[in-house]
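Residue strings, one per chain:
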Amino acid sequence: MTAAVASWLPLSAGERSVAIEVLVGGPLSRTELARRLDLSAGSLTRLTKPLIESGLLVEVPEAEGPAEVRQGRPSQPLDVVPESRSFIGFKVTDDMVYGVVTTLRSDIVARLDRPLTTHDPAGVADLLAAMARELAGDFPRLAGIGIGVGGRVQDRAVVAESPFLGWRDIPLAALVEERTGLPVVVENDVAALTEAETWFGSGRGLDRFVVLTVGAGLGYSLVLGGKRVPSEEEDRGFGRHWIIDPHGPLTPDGQRGSAVSLLTIPNIRYQVQAATGRERSYAEILRLADAGEPMAARVVREAGRALGILVAQIANFAMPQRILLAGEGVGLMDVAGDTVAETIRGHRHPLAAPIDLETRVSDFHDWARGAAVLAIQVLVLGAAEA
């Protein structure tokens, strides 16, 4: 496997702006593109010429419209060819690797999952490379690989700390690049999901946007000015010290009454087991709560209240235009949605605008797609930072 996008790079700052605008918003007429980027016609021509020659952008037929609208000299809009390159995204959990192949516009066109039987870095890199080779059989124009992991990542290359893998300072990007010959970018999994949603999903076109994930842990990412705000604090236990109820439950993971103790799947299961002596799955607890079983209903109600407080406080401080609630734990909304909504109202000013809260039950392939978007960003931008 070899990189297939070298002819695109390097891009100047102006070329990158044009490429991103078309990739995210295309097809776009030259007039609209110039307006969005505040460019003269001559400057736009100068910037688009090398992008067209390299094959990153193409001219496409103008959409048909009413005769009175289609006046003057025809203009061929600019667009990308989504299928011209493919990108791999991996989401690494403690016991599985979830893989996807996406187009240049992040549409998932293939999935491949494998059990993770070792946390040895070389062994994990071997598995990722083997999966990439298997995918390459059907998608020979692979251009790069993105990898999302739970933990702190430095320079989109080194896993500085990942408690669930037991890793510190592991050069994962280099290990996988050595085995595949493809460019590799590594990022915190919530950050990767946020990048995908900012470019191609719920946050597209928004100035202020928040991603809040609920599952095995809590994740938070903030977008300001249309760009994700990177932080050294990413995945250093968001919510573990955010106290919702100082008299709340004490669980193995998180301070007493913290958002993590009240809201994450392992701690919800722990609370029910500690009270009843029976181990229940998360899905079982939600079903029991919905049916009115007292202990399950109490735990789920308190989780809903915790989520409502968390969402309201995020909205009060960050003032986002939209909050995306995602992750494997958002089934909570199906059972405790009314509690969440009531709690949000109770923690907001009476005249505050309603929160645009979008809830999405996502599986790990969505997270893998986010990692693929990172590869798209780095390769299209021609830079280590999007």
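Our subject in this report is the structure included herewith.

Cut-off values and rules
- Residues numbered from 1 in each chain as written.
- Predicted model: local features only at pLDDT ≥ 70, side-chain atom pairs only at ≥ 80, totals over all residues.
- Heavy atoms only, no water.
- Phe/Tyr/Trp six-rings, centres within 6.5 Å; stacked < 30°, edge-to-face > 60°.
- Buried < 20%, exposed > 50% of the residue type's maximum accessible area, 1.4 Å probe, protein only.
- Lys NZ or Arg CZ within 6 Å of the ring centre and 35° of its normal.
- Pairing = 2+ DSSP bridges.
- Helix = DSSP H or I, 4+ residues; strand = E, 2+ residues; numbered from the N terminus.
- Axes fitted to C-alpha atoms, helices over the stretch in contact; angles between N-to-C directions.
- Contact = heavy atoms within 4.5 Å.
- Bend = angle between axes of the 7 residues up to and from the residue.

1. Overview of the packing of aromatic side chains
Following the criterion strictly, the structure yields 2 aromatic pairs and no others. Pairing Trp199 with Phe200 gives two aromatic rings, centres 5.9 Å apart and planes at 75°, and the pair type is edge-to-face. With a relative accessible area of 11%, Trp199 lands in the buried category. Seen from the ring of Trp367, Lys91 lies directly overhead, with NZ or CZ sitting 5.2 Å from the centre.

2. Quick look at the pairing of strand β8 (residues 158-162)
Relative to β8, strand β7 (residues 152-154) runs antiparallel, the two being bridged by 3 bridges. Counterpart to Arg152 in the pairing with β8 is Glu161. Where β7 folds back onto β8 in an antiparallel hairpin, the turn is made up of 3 residues, including Asp155, whose phi is positive at roughly 55°. Sheet analysis places β8 next to strand β9 (residues 167-170), joined by 3 bridges and oriented antiparallel. Within β9, the residue paired with Val159 across the bridge is Ile170. Linking β8 back to β9 in an antiparallel pair, the connection comprises 4 residues, with Gly166 at a positive phi of about 70°.

3. Considering the sheet that holds strand β3 (residues 86-92)
Read from one edge of the open sheet, 5 strands run β5-β4-β3-β6-β10, paired in mixed fashion. This sheet does not close on itself; its edge strands, each paired only once, are β5 (108-115) and β10 (184-188). Here the average twist between neighbouring strands, direction ignored, is 20°. Where β3 lies against strand β4 (residues 96-102), 6 bridges are found, and the strand directions are antiparallel. Counted as the bridge partner of Ile88 is Val101 from β4. Each of β3, β4, β5 and β6 (142-149) touches helix α4 (residues 121-136); the most contacted strand, β5, lies at about 145° to it.

4. Observations concerning the environment of Val22
Note that Val22 resides in helix α1 (residues 13-25). For the pair Val22 and Leu78, spaced 56 residues apart in sequence, the C-alpha separation works out to 7.0 Å. Not counting the four nearest positions on each side in its chain, Val22 is found in contact with Leu28, Leu33, Leu57, Leu78, Asp79, Val80 and Arg105.

5. Side note on helix α11 (residues 332-346)
The largest bend along α11 measures about 50° and falls at Asp338. Here α11 has its buried residues at Leu332, Met333, Ala336, Gly337, Val340, Thr343 and Ile344. Packed against the buried residues of α11 are α7 (259-263), α9 (282-291), α10 (294-318), β14 (322-327) and β15 (357-361).

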